[in-house]
Amino acid sequence: MRILCVAEKPSIAKAVAEHLSGGRSETRNTRNKYIKNYVFDYDFGGQPWGNCQVTMTSVLGHITAVEFPSEYKDWRHPPPERLFDAPVNTVIADDKKDIAKNIETQARYSQGLCIWTDCDREGEHIGHEIREAARKGNAALTVKRARFSNIERAHILQAARNLIMLDDRQVNAVATRIELDLRVGYALTRFLSNNLKGLGGPLANLVISYGSCQFPTLGFVVDRYFRVKNFKPETFWSIKVKHKKDGIDVNFSWARNRLFDRASVIILYERCLAAKTAVVTKVQEKPTKKWKPLPLTTVELQKMSTRFLRMTGQQAMTAAESLYNKGFISYPRTETDRFDKGMNLRALVQKQGQDNRWGAFAQNLMDGGFQQPRDGRHDDKAHPPIHPITYAAPSAALNENEKKIYEFVVRRFLACCSEDAKGVATDIDIQYGEESFHAHGIIVLERNYLDVYVYEKWTGTAELPKFTLGERFEPREAMMTEGKTAAPSYLTEADLIALMDANGIGTDATMAEHIQKIQDRDYVRTVPRSGRQGGEDDDAENSDEAPAGRGGRGGRGSRGGARGRGGRAAPQARGGVMEFIPTRLGVALIEGFDRMNFETSLGKPFLRKEMELKMKAICDGQTTKQVVLHESISQYRRVYNQSQENLHVLKAVRAHFYHDLLLLLYNIRETDFLFKACRQYIFDNAAG
DNA sequence: GCAAGGTC
């Protein structure tokens, strides 16, 4: 009996062949240079197959693509809206023909097909593509699927003996997404481009694209832009108390933080001064920790790279993929932030012992310092967290970015296998007049993981002098301060990735591409962050400790993320960090779509979420591909028709193209608004 | 010339 096994990528085929054959497989080349066929014998244990001759091979992700028939090639005829119900053909992509042929040929000699694609939705669909390719060679194949979530030997052997069926619901859910993205993306892109091209100017040769991921990504940038632009600074007042004891300066921060009413602060401040002395009301010392990081996911890798390694998300992914292909690190596209308990992490730590930068640290872990990594809450059931596989010496043939990423992956991994940093936190409260003030200090006792994970610091760690409960003293200095709340800052790439992640926009493998796309389309541009202080990027997630050394600062804002001008201790990544600002085109697109339709605001992440929910409903059997396609297409068609109906009005108005664009999009929701906009436009121009 | 998703 012959069985054909097919994995989603060459690395899985190779690893599975190793395990099933016990390292005794024969390797054969195929017409595709990345793909090998591994031939060996294996006993599946009788369900449904027993002792078999196996050929194990792989694809490279999807092998099919969807496309419209050639008569829909022209952008104007037939008109774009016809793409909503035009036929859609599934074809083998040109660069995958050899791969499909290999499967077809191998299937001809086989009685069974076993699919070893990743156990996620896309993997299920790729499994379906493989099944169709194989059936071309042999329609009578018995088809099975292996369920596995990592490539540990025992786990793979277990999977091979417990084969399951391909899940057609998941296949259909993905097929729905594929078809909808194609129809809506093409139709709206052609529509927007066609109609804006006629307006001449800079739009003449531009493609104005719409996509279910690129648009919400743009939406995040525009949203933040307006929050910055519309920000109104507010003046606040506060009271700072300083004291010096045992040669140590102590800053006490006001329990009220700050008030936006000057007169009140003056009164409270004068009461403090009148009291002359302050009394210590609380002295507390307690052990504290700074937690080591979680195992590394793709999203986290990209965020950290843009923050600390001076790379874009896409550069980080390119480098990580290269490191993976050279065998230095594990698969770089993963959502999993917990290591499988069966993994031999110590062996991986040991391989780093020879390095002169972190070798001593690794050695120390081997000598008893090793701790099991923390478990995060995410598991994609397909890949482990990103970790080093083999040691790469500094002299290894890696480019600069690859070296930086490798170093980061190793340091992160060693940090995960290390111990939390430990310290003692001191809290001192004083009563001064009727007001309370607070000082907080931290002494680091054991740096532990911080020694290897150089990207994090436990800063603001000030030692406080000894105070005793009930102690009275006359503060050396008490002053009233004035400050202004600062605007939030524009989005950084790390912020953008975090937003996409939280809203389910794109996947770990595609987020960086969407960010690149909205730049290529000139919807947004990046500029170096100016020296301006303030901002609300989220370093807070790195601080498990209570915020230290706050005393005497303007204080953190609570109003819409506003923050005192004093800012915070500057993190390493200051300078060189880029922020995202929308172009006028980008603003116009989102502004327009936001006003367009409340149920279908294309500029919001809402629709993508809805798609996600519908896919889930298909997987759960609550709805079907046909129903979802029908619903969604009518929804998009309404949006499309509304805009088209008003096009003639738009074209009658000779305006600056950005105004035209706004009008075009504004009017989609309601003609009423269009008239208002036109009137406003004419008024504006009459004035000018 | 258009989408988003795999992967190399």
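Residues numbered from 1 in each chain as written. Chains lettered and ligands numbered in written order. Predicted model: local features only at pLDDT ≥ 70, side-chain atom pairs only at ≥ 80, totals over all residues. Heavy atoms only, no water.

An unreviewed UniProt entry annotates chain A as DNA topoisomerase originating from Apiospora saccharicola. Per UniProt, chain A carries the Sequence similarities (unreviewed entry) text "Belongs to the type IA topoisomerase family." Chain A has a UniProt comment under Catalytic activity (unreviewed entry) that states "ATP-independent breakage of single-stranded DNA, followed by passage and rejoining." (UniProt positions renumbered as here; feature names shortened; annotations may be inferred.)

Okay, the overall build of chain A next. A tally of helices and strands in chain A yields 20 helices and 18 strands. Counting the 688 residues in chain A, one finds 52% classified as buried. Contacts in chain A between residues at least 24 apart in sequence constitute 79% of all its contacts with a sequence separation of at least 6. When the accessible area of chain A is evaluated, it comes to approximately 31400 Å², of which 49% is carbon and sulfur surface. (Helix = DSSP H or I, 4+ residues; strand = E, 2+ residues; numbered from the N terminus. Buried < 20%, exposed > 50% of the residue type's maximum accessible area, 1.4 Å probe, protein only. Contact = heavy atoms within 4.5 Å. Areas by Shrake-Rupley, 256 points an atom, 1.4 Å probe, with all protein chains shown as cover.)

Surveying the vicinity of DNA strand B reveals 39 residues, the closest of which are Lys96, Tyr186, Asn325, Tyr331 and His514. Separating a phosphate oxygen of DNA strand B from a backbone N or O atom of glycine 211 is a distance of 3.5 Å. Residue threonine 510 places a side-chain N or O atom 2.8 Å away from a phosphate oxygen belonging to DNA strand B. The set of elements that each furnish at least two residues to the surface near DNA strand B consists of helix H5 (168-197), helix H9 (313-325) and helix H14 (511-520). (Near = heavy atom within 4 Å. Polar contact = N/O pair within 3.5 Å; in protein donor to acceptor, adjacent residues only side chain to side chain.)

What follows is about the UniProt feature "domain: Toprim" (unreviewed entry) in chain A. Per the UniProt annotation, the sites labelled "domain: Toprim" (unreviewed entry) are residues 2-149. Along residues 2-149 one finds 28% helix and 29% strand; the C-alpha atoms at either end are 25 Å apart.

Further remarks concern the side chain of glutamate 493. Residue placement: glutamate 493 occurs in helix H13 (residues 493-503). Filtering out sequence-adjacent residues up to four positions away, glutamate 493 remains in contact with Thr306, Thr312, Gly313, Gln314, Ile515, Met578 and Phe580.

Quick look at the pairing of strand E1 (residues 2-7) now. In terms of burial, E1 is largely enclosed, as five of its six residues are buried. Sheet topology note: the E1/strand E4 (residues 51-58) ladder contains six bridges and is parallel. Looking at the pairing, leucine 4 lines up with threonine 55 of E4. As judged from the five bridges shared by E1 and strand E7 (residues 112-116), these two strands associate in the parallel manner. Counted as the bridge partner of alanine 7 is tryptophan 116 from E7. (Pairing = 2+ DSSP bridges.)

This part covers the packing of aromatic side chains. Tallied over the entire structure, the rule returns 24 aromatic pairs. Taking the centre distance of 5.9 Å and the plane angle of 80 degrees together, the rings of phenylalanine 339 and phenylalanine 413 count as edge-to-face. Taken together, the residues phenylalanine 339 in the loop between H9 and helix H10 (345-350) and phenylalanine 413 in helix H12 (residues 400-416) connect sequence positions 74 residues apart. Here the two residues phenylalanine 339 and phenylalanine 413 agree in accessibility, since each one is buried. The structure contains a cluster of three or more aromatic residues connected by ring pairs, namely Phe308, Phe408, Tyr449, Tyr453 and Tyr455. If you follow lysine 245 out to its NZ or CZ, it ends over the ring of phenylalanine 467, 4.7 Å from the centre. Against the face of phenylalanine 236 rests arginine 258, its NZ or CZ located 4.4 Å from the ring centre. (Phe/Tyr/Trp six-rings, centres within 6.5 Å; stacked < 30°, edge-to-face > 60°. Lys NZ or Arg CZ within 6 Å of the ring centre and 35° of its normal.)

As a further point, take the state of the cysteines. Taken as a whole and assessed by the stated rule, the structure comprises zero disulfides. Free of any disulfide, cysteine 213 has its nearest neighbouring cysteine sulfur in cysteine 619, separated by 17 Å. What makes cysteine 213 buried here is its relative accessible area of 9%. No disulfide involves cysteine 417; its sulfur sits 6.4 Å from that of cysteine 416, the nearest cysteine. Using a relative accessible area of 0% as the deciding quantity, one classes cysteine 417 as buried. (Disulfide = S-S within 2.5 Å.)

Right, let's talk about the nonpolar core for a bit. Grouped together as the largest cluster of nonpolar side chains are 51 residues, with contacts concentrated most on Tyr210, Leu218, Leu496, Tyr523 and Tyr636. The set of elements that each furnish at least two residues to this core consists of H5, helix H6 (214-229), H13, H14, helix H15 (584-596), helix H16 (606-619) and helix H17 (625-645). Those residues in contact with leucine 496, other than ones at most four positions away along the chain, are Thr217, Phe220, Val221, Leu491, Ile515 and Phe580. (Core = buried A, V, L, I, M, F, W, Y, C linked by side-chain atoms within 4.5 Å.)

It is worth spelling out the sheet that holds strand E10 (residues 248-254) at this point. The strand order E14-E11-E12-E13-E10-E9-E15 describes an open sheet built from seven strands, whose pairing is antiparallel. Looking at the sheet topology across the chains shown, the edges are occupied by strand E14 (472-473) and strand E15 (477-484).

Moving on, we come to the pairing of strand E2 (residues 26-29). Pairing between E2 and strand E3 (residues 36-43): four bridges, direction antiparallel. When the sheet's bridge partners are listed, glutamate 26 is paired in E3 with valine 39. The hairpin turn running from E2 into E3, its antiparallel successor, is six residues long.

This next bit is on the sheet that holds E3. Spatial ordering of the open sheet is given by E2-E3-E4-E1-E7-E8, a layout of six strands whose pairing is mixed. In this open sheet, the two edge strands, each paired with only one partner strand, are E2 and strand E8 (142-145). Within the sheet, the average angular offset between the axes of one strand and its neighbour, ignoring direction, is 25 degrees. Against the sheet, helix H2 (residues 97-108) touches E1, E3 and E4, its axis set at about 160 degrees to E1. Sheet strands in contact with helix H3 (residues 121-137) are E1, E7 and E8, and its direction is about 155 degrees off that of E7. (Axes fitted to C-alpha atoms, helices over the stretch in contact; angles between N-to-C directions.)

As a further point, take unusual backbone geometry. A cis amide bond links histidine 77 with the next residue in sequence, proline 78, at an omega value of -10 degrees. Even without being glycine, lysine 276 reaches a positive phi, approximately 70 degrees. Structurally, lysine 276 is set in the loop between helix H7 (262-275) and strand E11 (278-290). Owing to a relative accessible area of 53%, lysine 276 belongs among the exposed residues under this scheme. Phi angles above zero are rare outside glycine, and arginine 310 is one such case at about 55 degrees.

Once that is clear, we can look at the environment of lysine 625. You can see lysine 625 is positioned in helix H17. Given a relative accessible area of 21%, lysine 625 falls into the partly exposed group. Beyond its immediate chain neighbours, meaning those up to four positions away, lysine 625 contacts Asn172, Ala175, Thr176, Glu179 and Ile618.

It is worth spelling out the confidence of the model for chain A at this point. Keep in mind that low pLDDT regions are not for reading the predicted coordinates in detail. Confidence in the prediction of chain A, expressed as mean pLDDT, is 86, and 85% of residues score 70 or more. No element of chain A has a lower mean pLDDT than helix H20 (residues 671-687), at 38, and none a higher one than H12, at 98. Between residues 666-688, whose pLDDT stays under 50, and residues either more than four places distant or in other chains, the model counts 31 contacts. (pLDDT = per-residue confidence, 0-100.)

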